[in-house]
Each structure stands twice: as structure tokens, then as C-alpha cells.
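Summary of structural features
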Amino acid sequence: MKILLIGNYELGDAKSMPRFGEMLRRELTARGHHVELLRARALVGSLATGTLGKWLGYLDMYLLFPLRLWLRSGRRWDAVHICDHSNAVYRPWVRGRRPSITCHDLLAIHAAEGRFPRQHISRTGRLQQQWIKRNLLAIERVVCVSRTTARELEALGARGEIRVISNPLNRSFQPASAQQLTAIRRSLGLQDDEPYLLQVGGNLWYKNRPGIVRIFAALRSQHPVFASFKLVMAGHPFNDDLRAELNRLALQPHVIEVFDPPDDVVEALYTGASLLLFASLYEGFGWPILEAQTLGCPVATSNREPMSEVAGGAAILVDPENPEAAAAAIAAAWPQCARLREAGLRNVARFSSEQLIAEYETFFREGVARA
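What counts and how
- Residues numbered from 1 in each chain as written.
- Predicted model: local features only at pLDDT ≥ 70, side-chain atom pairs only at ≥ 80, totals over all residues.
- Heavy atoms only, no water.
- Salt bridge = Lys/Arg side-chain N within 4 Å of Asp/Glu carboxyl O.
- Helix = DSSP H or I, 4+ residues; strand = E, 2+ residues; numbered from the N terminus.
- Buried < 20%, exposed > 50% of the residue type's maximum accessible area, 1.4 Å probe, protein only.
- Phe/Tyr/Trp six-rings, centres within 6.5 Å; stacked < 30°, edge-to-face > 60°.
- Lys NZ or Arg CZ within 6 Å of the ring centre and 35° of its normal.
- Axes fitted to C-alpha atoms, helices over the stretch in contact; angles between N-to-C directions.
- Parallel < 35°, antiparallel > 145°, perpendicular 65-115°, else oblique.
- Contact = heavy atoms within 4.5 Å.
- Arc of directions from axis to C-beta.
- Pairing = 2+ DSSP bridges.
- Right-handed = clockwise from strand over helix to strand, strands pointing away.
- Patch = residues over 30% accessible without salt bridge, like charges linked within 9 Å, V, L, I, M, F, W, Y side chains within 5 Å.
- Areas by Shrake-Rupley, 256 points an atom, 1.4 Å probe, with all protein chains shown as cover.

**Structural notes on the pattern of salt bridges**
This structure, assessed with the given rule, holds 23 salt bridges. Note that Arg141 and Glu366 form a salt bridge whose closest N and O atoms lie 3.8 Å from each other. Here Glu366 lies in helix 14 (residues 353-370) and Arg141 lies in strand 5 (residues 141-144), a separation of 225 residues in the sequence. Taking the relative accessible area as the measure of exposure, Glu366 reaches 34% and is therefore partly exposed. Put simply, Glu366 and Arg163 hold a salt bridge, and the shortest N to O gap is 2.4 Å. One end of the pair, Glu366, is in helix 14; the other, Arg163, is in strand 6 (residues 161-164), with 203 residues separating them in the sequence. The network of salt bridges with shared partners includes Arg141, Glu161, Arg163, Glu366 and Arg370.

**Brief notes about the packing of aromatic side chains**
All told, the structure shown has 15 aromatic pairs when counted by the stated rule. Consider the rings of Phe116 and Tyr282, whose centres lie 5.3 Å apart with planes at 65 degrees: the pair is edge-to-face. Here the residue Phe116 occupies a position in the loop between helix 3 (107-112) and helix 4 (123-138), and Tyr282 occupies one in the loop between strand 10 (275-278) and helix 10 (287-294), the gap between them amounting to 166 residues. A relative accessible area of 12% places Phe116 in the buried class. Across from the ring centre of Trp77, 5.7 Å away, lies the NZ or CZ of Lys2, which sits over that ring. The side chain of Arg95 reaches across the aromatic face of Trp70, ending 3.9 Å from its centre.

**Considerations on the packing of helix 6 (residues 178-188) against helix 9 (residues 263-272)**
Running from N to C, helix 6 and helix 9 point in directions that differ by 95 degrees, and their axes come no closer than 10 Å. Compared by their axis directions, helix 6 and helix 9 come out roughly perpendicular. The residues of helix 9 that touch helix 6, namely those facing Leu181, Ile184, Arg185 and Leu188, are Val265, Ala268, Leu269, Thr271 and Gly272.

**Thoughts on helix 12 (residues 323-333)**
Along helix 12, the residues that are buried comprise Pro323, Ala326, Ala327, Ile330 and Ala333. Viewed along the axis of helix 12, the buried residues span an arc of 135 degrees, placing them on a single side of the element. Looking at the buried side of helix 12, the elements it contacts are helix 7 (209-222), strand 10, strand 11 (299-302), strand 12 (316-318) and helix 13 (337-348).

**Some points on the sheet that holds strand 4 (residues 100-103)**
Pairing is parallel across the open sheet formed by 6 strands, whose spatial order is 2-1-3-4-5-6. Looking at which strands have only one partner, the edges of the open sheet turn out to be strand 2 (34-38) and strand 6. Taking the axes of each pair of neighbouring strands and ignoring which way they run, one obtains an average angle of 20 degrees across the sheet. Across 4 bridges, strand 1 (residues 2-6) lies against strand 3 (residues 79-82) in parallel orientation. Note that in strand 3 the partner of Leu5 across the bridge is His81. The strands that helix 14 touches are strand 1, strand 3, strand 4, strand 5 and strand 6; relative to strand 5, the one it contacts most, it runs at about 170 degrees.

**Observations regarding the pairing of strand 7 (residues 196-201)**
Among the 6 residues in strand 7, 6 count as buried, and that is most of the element. Of the two faces of strand 7, both are covered, the one formed by Tyr196, Leu198 and Val200 as well as the one formed by Leu197, Gln199 and Gly201. In this structure, strand 7 lies alongside strand 8 (residues 230-235), joined through 6 bridges in parallel fashion. Paired with Tyr196 across the strands is Lys230, a residue of strand 8. Between the parallel pair strand 7 and strand 8, the chain is carried across by helix 7, and the sense of this crossover is right-handed. Relative to strand 10, strand 7 runs parallel, the two being bridged by 2 bridges. Residue Leu197 lies in a different strand from strand 10, and its bridge partner there is Leu275.

**Quick look at the sheet that holds strand 9 (residues 255-259)**
Strand order in this open sheet of 6 strands is 9-8-7-10-11-12, and the pairing throughout is parallel. Lying at the two open borders of the sheet, with one neighbouring strand each, are strand 9 and strand 12. Direction aside, the axes of adjacent strands within the sheet are offset by 25 degrees on average. Direction of pairing for strand 11 relative to strand 12: parallel, over a ladder of 3 bridges. Along strand 12, the bridge assignment pairs Thr301 with Leu317. Each of strand 7, strand 8, strand 9 and strand 10 touches helix 7; the most contacted strand, strand 8, lies at about 165 degrees to it.

**Considering a nonpolar patch on the surface**
On the surface, a nonpolar cluster with roughly 340 Å² of combined accessible area is contributed by Leu43, Leu59, Leu63 and Leu64. Positionally, Leu43 belongs in the loop between strand 2 and helix 2 (50-72).

In C-alpha cells:
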């Protein structure tokens, strides 16, 4: 098949979506298909930073790229697929084939409609999400990455075909060597045998970083086995709210900030961690659960979908908004960590790229046959 994939803007903030598009391109090409990944180029958006750069980026995304897409999609493609629901607005610019799309989550659309008061959306942001929603609902064939997202899309008013295809890991993960672990530990000020819990993610409200800190505080104060543990938080720099919570709980000496670590450092952090603490309030999927499990790191995650769906019975499920109860659940399951580690490795097998890319391949072939 000849497949045109529509990817994300070159200067976009998110890392996971460009990786997802590249993963589809790479894996489908390996299966013998002719695949092109088309992305909006940073032509004028690279001329400035800050607010001006953001608005110039919109020119790249919404003025220049649609013209390029219109010209490029005029070639004969068997399938055209938009890799990220936030790019649903490109739907009218695709010629020749009605595009399909992957919907990863509906967080921004729900926030724009007032479902999440903690997430402020500007007036222009609300208009943008209405534009995205209108085009997303007009696309006839949609892949959702979880059953939760599929149900939410149906509730939003989708009337076309919805197929659930989970996300595979969007890159390969390799456990760190003993030498790498020692080097990472020393760079973070950890002793060679000092245990730590790990959190991976940014400062967005639904990542629940202050809540994770409160769970860690409850573990240290109420369960002696965790009294010597540190908490490593990898991702965005700490914001003021998180620092204030650390100060309030007197946890500053016990929490280590790792700013925007490269892939090899992330792999080492997973490899050496005693537990991944992934207590998000909302996710579209939850990649860190699988990343940790594939490297043999036990997982504690929220007792909410899709986190529980992705974890597949191979994680400690906790209430992310009840620190004491979450800490008690982790402490009670702690003696079973070896079993959780083995169950996690089995669970990851459900998300192999070979199996899930084959499902995308079938999805595209069915679209060709229908056309």
C-alpha cells in the first residue's frame, strides 16, 4: 500500500506524538509499504520565541502546511492517516482519499468545554478546540488508543467507525548496565544501594505531581519500610506549586529533580527504581506504565481507566486523590513486588509493535477495500 501519514509540527512541545508518527512510518515501511510522513515545517515559527513564536507557528501549521498538504495529497495514495487528533483540522485539505485518524485523548476538548476547571483555556484556545472537535467528529474512521478514549469519543457524538488499537511502545527500551546505574546514581547524589521511587511526567495538573508528593510523604511517615527512600521526579522543572508542597511537607532533602532527561537516563532511572509511582488524574493512555514494565520496574498507578486498562492487572492500583489510602495500598502490596515485576513483563507482551502495527495494517486495508 501507499500510505500518507500526517504528523505533528516540527516545533511542537510534545515528544510522544512525533515519536508515534515516526513509529508508524518506520514499522509500516518495514512491512513493505510505501510510507511518507508529512509534517508542518518550521518556516516562520522559528523566527521568534515566546508568544510571537507561538503565533508564527500557527502560520506554519494552519496557513502554509494546508497548502502543501493539498498539493501532496493529490497523488494517488491508498490510505491517508492523521496521526494525532489535534491535527483533525487538516481533514478538509486532504484530496483523493478520506483520511482516517488516531485519537489519543480528549483532554483539551473536554477542558475547553469546562469539564476540567483546573485547566485554563483561553478564548482562542476554546475556538481552536471547537475547530478540532468539529473536524474530528466528521472523520468517518477513527482509531482510539484505549477503550476509555473510544467511549468518550462516542459520548462526544462520533457516528463513524471507531477501532480500538492500543499504543505500542514508540521506541525500544534497553535496561541500563551496572556501570550506567552507578554513574546515574552518583550524578543524582544517590548512594549505590539507596532505594528510590520514580515519577515521570510534566507539571500539567492531571499529572498530579503534588498528589504524588503527598503519597510519598504518607509512605515515609506511616510505613517504616519506606523511611529511607528517595523520590526521583523526572520531567519538567519543578514549578512554584510543587516547590511549595515540598516545603510544606519538609520533603526537599528527600526528593530529587531530574530536568528533561535524555532517553538513556530515563532507561537507567526505570532500571534502578524500586517502583514507578504513576498516579495521574487523567490520561489518554499512559506510556510510562509500559516503559517501566518492559524494564522490570514494578508499577503503582491510578485505579482509573485507562491506566488500569493499560496496566492489565500487573500493577498496584491506588486512589490518586487519597494519599493515605494510596500509601497503605502500596505498603500492603510491597512484599509482592517480585510477582508484579514478572506480571508486568507478561503484560507488555500485549503491546508489541508487531501485533499492533498489524492491526493498523488491517485497518488501512479495510479502508482501501471500502473505498
